[in-house]
Amino acid sequence: MAKFVATDYNVTINGSPFSSSLAAVTLDITSEEQETTAFGSTYRSRVGGLRDASLTLDFHQDFAAASVDATLFPLLGSQATVVIKPTSGTVSATSPSYTGVFLVTQYQPYASSVGDLATLSTTWPLAAGSVTRATA
């Protein structure tokens, strides 16, 4: 896969598909910066430390059975496994999947003004383990 336009992201939460209810997805994977500069140095030196991740999902709200509200509200305070792929196609070296277990720390069922599309945004921290990248 070469450069592409993000029109076919595939996102599942605990195995349920949510791509058609999402307007944006951001998976932020970071590594702490640990300074190792010693006396006599004229420049700072650093090494990477512990990794962390967070996931931001921008949803189109939907109160239908088995949709956004019915799925997310019961997850508040628990963990959810999220899988993200750049396309709905098969996982491969050029179409990797990223999987993580996230702690559902927030849910905002109403976040719209009059006349707006009903949307909501959530940001969840990594709960356990690591974010894994699969290519097959």
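Preceding this paragraph is the structure being described.
Before going into details, it helps to say that this report is about the structure given with it. (Residues numbered from 1 in each chain as written. Predicted model: local features only at pLDDT ≥ 70, side-chain atom pairs only at ≥ 80, totals over all residues. Heavy atoms only, no water.)

### Regarding the packing of aromatic side chains
Threshold: The aromatic pairing rule takes the rings of Phe, Tyr and Trp, using the six-membered ring of Trp, and pairs them if the centres are within 6.5 Å, calling planes under 30 degrees apart stacked, those over 60 edge-to-face and the rest tilted.
The full count for this structure, using the stated rule, is four aromatic pairs. For the pair Phe4 and Tyr9, a centre-to-centre distance of 6.4 Å together with 55° between the ring planes defines the contact as tilted.

### A few points about the nonpolar core
Counted only if it meets this: Among buried residues, the Ala, Val, Leu, Ile, Met, Phe, Trp, Tyr and Cys ones that are joined through side-chain atoms within 4.5 Å form a nonpolar core. Think of it in three bands: residues with accessible area under 20% of the maximum for their type are buried, residues over 50% are exposed, and the middle band is partly exposed, with areas taken using a 1.4 Å probe on protein chains only. Segments assigned H or I by DSSP are reported as helices when at least four residues long, segments assigned E as strands when at least two residues long, and all are numbered from the N terminus. Contact definition: two residues touch when any of their heavy atoms are within 4.5 Å.
Core analysis: the largest hydrophobic core is formed by 20 residues, its most contacted members being Ile13, Leu57, Phe59, Leu72, Val82 and Trp124. Residue assignment for this core shows that the elements contributing at least two residues are β1 (10–13), β4 (46–60), α1 (68–75), β5 (79–85) and β7 (119–134). Setting aside its immediate chain neighbours within four residues, Leu57 contacts Val11, Ile13, Leu22, Ala24, Val25, Leu120, Ser121, Thr122 and Trp124.

### Structural notes on the sheet that holds strand β2 (residues 16–17)
Heads up, the rule is: At least two DSSP bridges between two strands are needed for those strands to be called paired.
An order of β2-β1-β5-β6-β7-β4-β3 is seen for the seven strands of this open sheet, with the pairing classed as antiparallel. Two strands bound the open sheet, and with one partner strand each, they are β2 and β3 (22–35). Both β1 and β5 contribute to a ladder of four bridges, which runs antiparallel. Across the sheet, the residue bridging to Val11 is Ile84, located in β5.

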